[in-house]
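Descriptive structure summary
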Amino acid sequence: MLLLANYYVTYRCNAYCEFCHFGDHEQFKDTPYALLDDFKSNVKQLASLGVKFIDLTGGEPLLHKEIHLMADYAKSLKMQTSITSNSLLYPKFADKLAGKIDLLHFSLDSPDEDEHNRIRKVDCYKSVFHSIEIAKSNGEYPDILFTVTNETYKKLPEMYEIVNKHDLVLLVNPVFSYFGNPGLSQEAVDYVDEYCDGKINIYLNKGFMKLRRNGGNDINNPSCKAVSRVIVISPYNEIILPCYHFENDKIKIDRPIKDIRASEKIKYYKKMEGRFDFCQGCTVNCYFEPSFAFPTNLYSVASLTSKFKYGYNKLIKQKFMRVVSK
């Protein structure tokens, strides 16, 4: 059952993050932006196929000049929406996006301004906090997304102080290994897991950590549902298979998505999800979040408590923010 659409509205970015391949601007400088008409056609079809959640992603999604129209259209179809931004362009779009993004995340890589700007290779630290103020004034309840690396994991206590000061939630995103980037060391995994345990304003999917301790996805007993529960669409209007991070194939959306999903190629990738050689040891959070959506294995069960806590925080506090802002 399809649950999530990872919709890449652009591959371009205005930051140069050390841990992210989108920081290679030369590689993506000539890539297109998703066309609004294609987006609307695809998302309408996805809604009819049962997709409940759409992540408007990139690159930096706010580089797309029609991102607010995309978010508005997805919301009109009763989809839950999310955007993660480095915040540089958020002030420009804040009013247009108000009320249209269910999960609004601002990336912060360090509590230290110099370190954050060095990692991103652009001066955007102050912009994060300016965007938080704007978002709250519009009745939004944003999160701070902390991509934890082997160099920054011991900054968690200081990051926790920041979210408590601003009455937000810290999303702890353990960096994963792909495109040659190393994942977290075992020491870092242990530290992150122990520090986050029991803290109110932190979201860390415990299923992720359990998966990492067990060496990642096992191709002989796969946990990944990257094809059956997720659909990935590129700015080129293509479905990417089996996932963006280990792209192996593409299907042009030149016929109804329902027909594509019933094709022999999709059936093959469903059968093989989590079983390819490159799937061995995978810990890419983007696909294990929906893979653990139902309590079908120990990883799913481990993730339930943290998901419930985060959902409660968002429901109560965001509702409060919207009442206060009126």
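**Here we look at the environment of Ile219**
With respect to the helices and strands, Ile219 occurs in the loop between helix 9 (206-213) and strand 8 (230-233). Counting along the chain gives 55 residues from Ile219 to Gly274, while the straight-line C-alpha distance between them is 5.7 Å. Among all residues touching Ile219, those that are not within four sequence positions of it are Gly274, Arg275, Phe276, Asp277, Cys279 and Gln280.

**Focus on the pattern of salt bridges**
Tallied over the full model, the rule gives 13 salt bridges. We note a salt bridge from Lys265 to Asp249, for which the minimum N-O separation is 3.1 Å. Note that Lys265 is positioned in helix 11 (residues 264-272) and Asp249 in strand 10 (residues 249-252), a separation of 16 residues in sequence.

**Points about helix 3 (residues 67-76)**
If you check which residues of helix 3 are buried, you get Ile67, His68, Met70, Ala71, Tyr73 and Ala74. Here the buried face of helix 3 lies against helix 2 (36-48), strand 2 (53-57), strand 3 (80-85) and helix 4 (90-97). In the stretch just after helix 3, Lys78 is the one whose phi turns positive, near 70 degrees.

**Observations regarding the packing of helix 4 against helix 6 (residues 125-137)**
The N-to-C vectors of helix 4 and helix 6 enclose an angle of 15 degrees; their axes lie 10 Å apart at closest approach. As summarised for this structure, helix 4 and helix 6 are arranged roughly parallel, according to the angle between their axes. As helix 4 runs across helix 6, the sense of the crossing is right-handed. Between helix 4, through Tyr90, Pro91 and Ala94, and helix 6, the contact on the second element is made entirely by His130, Ser131, Ile134 and Ala135. In terms of residue class, the contact of helix 4 with helix 6 is built from 5 nonpolar, 2 polar and no charged.

**A look at helix 9**
All of the buried residues in helix 9 are Gly207, Phe208, Met209, Leu211 and Arg212. Between the side-chain oxygen of the N-cap and the backbone nitrogen of Gly207 there are 2.8 Å, and the N-cap of helix 9 in question is Asn205.

**Describing the pairing of strand 3**
Where strand 2 meets strand 3, 4 bridges bridge the pair, whose relative direction is parallel. Among the inter-strand pairings, Asp55 is bridged to a residue of strand 3, identified as Ser82. Each parallel crossover has a hand, and the one from strand 2 via helix 3 to strand 3 is right-handed. Here strand 3 runs beside strand 4 (residues 103-107); their pairing, made up of 4 bridges, is parallel. Residue pairing across strands places Ile83 opposite Leu104, the latter belonging to strand 4.

Criteria and cut-off values
- Every chain is numbered on its own, with residues counted from 1 as its sequence reads.
- Only residues with pLDDT of 70 or above have their local features reported here, since the model is predicted, and side-chain atom pairs are shown and tallied only from 80 upward, although totals for entire chains, interfaces and linings are computed over all residues.
- Excluded from the side-chain calculation are hydrogens and water; included are all heavy atoms of the structure.
- The helix count covers DSSP runs of H or I at least four residues long, the strand count covers runs of E at least two residues long, and both are numbered beginning at the N terminus.
- Note on definitions: a residue-residue contact is assigned when non-hydrogen atoms from the two residues lie within 4.5 Å.
- Here, a salt bridge means any side-chain nitrogen of Lys or Arg that lies within 4 Å of a carboxyl oxygen of Asp or Glu.
- Remark: exposure states derive from per-residue accessible area (1.4 Å probe, protein chains only) relative to the maximum for the residue type, with buried under 20%, exposed over 50%, and partly exposed in between.
- Axis definition: a line fitted to C-alpha atoms, limited for helices to the stretch in contact. Angles are taken between N-to-C directions and run from 0 to 180 degrees.
- If an angle is under 35 degrees, it is roughly parallel; if it is over 145, roughly antiparallel; if it lies from 65 to 115, roughly perpendicular; otherwise it is oblique.
- Left-handed is the label given to a crossing in which the near helix is rotated counterclockwise from the far helix by less than a right angle, and right-handed is the label when the rotation is clockwise.
- Three classes are used, and their members are as follows: Ala, Val, Leu, Ile, Met, Phe, Trp, Tyr, Cys and Pro are nonpolar, Asp, Glu, Lys and Arg are charged, and the others, Gly among them, are polar.
- Under the rule applied, a polar contact is a pair of N or O atoms within 3.5 Å (in protein, one hydrogen donor and one hydrogen acceptor; residues adjacent in sequence only if both atoms are side-chain atoms).
- Strand pairing is assigned whenever DSSP detects at least two bridges linking the two strands.
- Look down the strands so they point away from you; if the path from the first strand over the helix to the second goes clockwise, the crossover is right-handed.

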